[in-house]
Amino acid sequence: MSTLKRFFQDTIIYGIATVVPRLLNFILVPLHTDVLDTKDYSVNTTFYIWAALFNVLLTYGMETSFFRFFSRAEDKNKVYSTSFIALTITTLLFFGLGMLFQDSFIRVVDLDPFFFNIFFSVIILDTLVVIPFAYLRATNRPVRFALVKLLNVFIVFAINIYFLWLVPKFPAFAPQYVLNHFTQKDILGYIFMANLVASGITFLILLPYFFKTKIQFSFSLIKQMWKYGWPIMLAGISFIINENLDKLLLKDILSEEIMGAYSGCYKLAVFMMIFIQAFRMGAEPFFFNHAKEKNAKITYARILEYFVICGGIILLVLVCFIDIFKQFMIPNQEYWKAMAIVPIILLANLFLGIYHNLSVWYKLTDKTRMGMYISLFGALVTVILNITLIGKFGFMVAAWATLAAYGSMMLISYFYGRKYYLVPYNVKKIGLYLLLSVGLSAISFIYFRQNYIVATLFVLIFVGITYFKEQEDIKKILKRS
């Protein structure tokens, strides 16, 4: 089986593990925006923003570091055991601190104490299974990985459907206790409890991997893994800032209602996020495992071309048919005031995906600090633009700041990558596909919005041009065995 074909097959499996959860979350968005007003939706958003941040802090780059050292080590069991023990100890220490200083934590995250307890339990459970999940990916077990991930999200989905749709429409299916507790706060509690139940069951399923190998811990190895991983942690924090600071600032500078509307419309970029996440799931172990191959750099260059083509199609389809998508995903018109951010956020996420692709140079050359510096620069752009301009120009600044941050990170990574790990990217071809997708999207959104004949024509033009230029390579990949 060809290297590229294996990459695409694994990415498809990881994509299923990413796409299905996102699609189910996609279905839940109209449900959430229907039962929650924009103010309560801001609480929902705040919960997951802080969960994402603590996930980065508690894993401190150990997942990527695990891939790096596992792929090279002769004694792979030592890498697994050492990384798992380290992450478990630090997580339990954090749990103790959380219990000791609970009131301080509650003030920081600005959540109701009941919601905080759920939030805290979820992040602890999710952190403990990071290395077992990474082990499944590193040992080429994408199917098992996907099944566990899918079960997790099906549990979340089922609980949400039961409490937010079935109970209100068919109260006979609910016990009296539930019917007596159905305020807006209760509804938010059901949403959060769904995540806690799913995380708990996932933890139990992966529990056997906690005892996968004999216990062995190498202090020298963990020092090396920490040295490699901590810049990735700071880069992850910077990503959280780029992705979520705007929402928190909108809440503080403008209002919770604006933050809720902005966050709801932000969800329309879900398909681009699905695509990027699926790519990362397959790409990260792939890049490390094939780094020593003779044509590795050529393979990396080709992957970026296909990534941009697929991302360009997603951008164009979503923008051209945005008013159809919003009817299904966000039926509550209270949220539509922020609809103009969607094309900008989609392009920003496409730039982020390209950046992740380009990041192969600093991960393979052990220059993760460079990735940290680039991410910190992006975070600085986000902070400065949002803090100085939101109050003057409104919520659109937040979307443009995200685009500026990810666009600058993409360009900086490309030019530094040429110096340290030269990959022969076909910049002219990639630039053509980007300009074509962005240009057609802009024309459709500004001049032909809701004209679906023109929208369909634009999509066919992009697909036709890319197929014409890539048909020989596509045929070769499909024929390889």
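Counting from 1, residues in each chain are numbered in the order their sequence is written. For this predicted model, a pLDDT threshold of at least 70 governs which residues receive local features, and a threshold of 80 or more governs which side-chain atom pairs are given and counted, while totals over whole chains, interfaces and linings are taken from all residues. To obtain the side-chain values, all non-hydrogen atoms of the structure were used and water was disregarded.

A.B. asks: Talk me through the overall build of the protein; I want residue IDs and the actual numbers.
C.D. replies: A count of helical and extended segments in the protein gives 21 helices and zero strands. Considering only C-alpha atoms, the protein reaches an extent of 65 × 65 × 45 Å along its principal axes. In what follows, residue pairs with any heavy atoms lying within 4.5 Å of each other are defined as contacts. Within the protein, contacts between residues at least 6 apart in sequence are counted, and of these 84% link residues at least 24 apart. Per-residue and other accessible areas follow the Shrake-Rupley method at a 1.4 Å probe size, with only the shown protein chains counted as cover for residues. Of the roughly 21400 Å² that the protein leaves accessible, carbon and sulfur atoms contribute 67%. Only DSSP runs of H or I covering at least 4 residues are called helices, and only runs of E covering at least 2 are called strands; the numbering of each starts at the N terminus.

A.B. asks: Quick one: what's the story with helix H8 (residues 142-169), residue by residue and with numbers?
C.D. replies: For H8, with 28 residues, the first-to-last C-alpha span of 38 Å sits near the 40 Å given by 1.5 Å per residue. Throughout, the bend at a residue refers to the angle made by two axes, fitted to the seven residues ending there and to the seven starting there. Remark: the principal bend of H8, roughly 35 degrees, maps to Tyr 162. Between the first and last residue of a helix there are one fewer steps than residues, each counted as 1.5 Å, and that sum is the expected span.

A.B. asks: Got a sec to walk through the domain arrangement of the protein? Specific residues and values, please.
C.D. replies: Where each domain starts and ends follows an automatic or database-derived domain assignment. Structurally, the protein comprises domain 1 (3-217) and domain 2 (245-479). Here domain 1 and domain 2 have C-alpha centroids that lie 24 Å from each other.

A.B. asks: Could you give an account of a nonpolar patch on the surface, with specific residues and numbers?
C.D. replies: In this scheme, patches are assembled from residues that exceed 30% relative accessible area and form no salt bridge. Like charges are connected within 9 Å, while nonpolar side chains (Val, Leu, Ile, Met, Phe, Trp, Tyr) are connected within 5 Å. In the sections that follow, a salt bridge refers to a side-chain nitrogen of Lys or Arg positioned within 4 Å of a carboxyl oxygen of Asp or Glu. On the surface, a nonpolar cluster with roughly 430 Å² of combined accessible area is contributed by Phe 114, Leu 151, Met 193, Val 197, Ile 201 and Ile 205. Per-element tally for the nonpolar patch: the top contributor is helix H10 (residues 184-205), with four residues. Structurally, Val 197 is set in helix H10. Any residue under 20% of the maximum accessible area for its type is buried, any over 50% is exposed, and the rest in between are partly exposed; the area is computed with a 1.4 Å probe on protein chains only. Residue classification places Val 197 among the partly exposed positions, given a relative accessible area of 32%.

A.B. asks: Tell me about unusual backbone geometry, and please be specific about residues and values.
C.D. replies: A positive phi angle, near 55 degrees, is found at Asp 110, a position not held by glycine. Summarising the element assignment, Asp 110 is placed in the loop between helix H5 (102-109) and helix H6 (113-128).

A.B. asks: Go over the side chain of Glu 305 with me, naming the residues and quoting the values.
C.D. replies: Inspection of the secondary structure assignment puts Glu 305 in helix H14 (residues 296-320). A residue is classified by how much of its surface remains accessible, and Glu 305, at 5% relative accessible area, is buried. Residues in contact with Glu 305, not counting those within four places in the same chain, are Asn 426, Lys 429, Ile 430 and Glu 470.

A.B. asks: Tell me about the nonpolar core, and please be specific about residues and values.
C.D. replies: As used in this record, nonpolar core signifies buried Ala, Val, Leu, Ile, Met, Phe, Trp, Tyr and Cys residues forming a set joined through side-chain atoms within 4.5 Å. Grouped together as the largest cluster of nonpolar side chains are 157 residues, with contacts concentrated most on Phe 66 and Phe 119. Taken domain by domain, the makeup of this core includes at least three residues from each of domain 1 (3-217) and domain 2 (245-479). Counting ten residues, the second-largest nonpolar core is a separate cluster that includes Cys 320, Ala 455, Val 459 and Phe 462.

A.B. asks: Please set out the side chain of Ser 413 residue by residue, giving values where relevant.
C.D. replies: Positionally, Ser 413 belongs in helix H19 (residues 396-420). Filtering out sequence-adjacent residues up to four positions away, Ser 413 remains in contact with Tyr 355, Leu 358, Ser 359, Trp 361 and Ile 374.

A.B. asks: Go over the packing of aromatic side chains, please, and point to the residues and values.
C.D. replies: Pairs were defined over the aromatic rings of Phe, Tyr and Trp, the Trp ring being its six-membered one, requiring ring centres within 6.5 Å. Orientation was assigned from the angle between planes: stacked under 30 degrees, edge-to-face over 60, tilted for the rest. For the coordinates displayed, the defined rule picks out 41 aromatic pairs. Aromatic pair Tyr 48 and Phe 192: ring centres 6.1 Å apart, planes at 70 degrees, arrangement edge-to-face. Taken together, the residues span a long stretch of sequence, with Tyr 48 in helix H2 (residues 38-59) and Phe 192 in helix H10 at a distance of 144 residues. Taking the relative accessible area as the measure of exposure, Tyr 48 reaches 31% and is therefore partly exposed. On the accessibility criterion, Phe 192 (0% relative accessible area) is buried. Pairing Phe 275 with Phe 307 gives two aromatic rings, centres 4.7 Å apart and planes at 20 degrees, and the pair type is stacked. Separated by 32 residues along the polypeptide, Phe 275 in helix H13 (residues 270-289) and Phe 307 in helix H14 bring together distant segments of the chain. For the pair Phe 275 and Phe 307, a shared accessibility class is recorded, and that class is buried. Note on criteria: charge over ring means Lys NZ or Arg CZ within 6 Å of the ring centre, with the direction from the centre no more than 35 degrees off the ring normal. Lying across the ring of Phe 133, Lys 149 places its NZ or CZ 4.2 Å from the centre. Across the ring face of Tyr 266, the terminal group of Lys 247 is positioned such that the distance to the ring centre comes to 3.7 Å.

A.B. asks: A description of the pattern of salt bridges should follow, citing residues and the corresponding values.
C.D. replies: A complete count under the given rule lists six salt bridges for this structure. For Asp 110, the salt bridge is made with Lys 251, and the minimal N-O distance between the two is 3.2 Å. On the criterion of sequence distance, the pair formed by Asp 110 in the loop between H5 and H6 and Lys 251 in helix H11 (residues 219-254) is long-range, its members being 141 residues apart. One salt bridge in this structure joins Lys 247 and Asp 246, with 3.8 Å as the shortest N-O distance. Accessibility expressed as a relative area gives 5% for Lys 247, which makes it buried. Using a relative accessible area of 0% as the deciding quantity, one classes Asp 246 as buried.

A.B. asks: Tell me about the environment of Met 329, and please be specific about residues and values.
C.D. replies: Of note, Met 329 is situated in helix H15 (residues 322-329). Note on Met 329: relative accessible area 1%, which makes it buried. Between the C-alpha atom of Met 329 and that of Ser 71, which follows or precedes it by 258 residues, the distance is 41 Å. Not counting residues up to four positions away in its chain, the partners in contact with Met 329 are Phe 26, Val 29, Pro 30, Thr 33, Lys 267, Leu 268 and Val 270.

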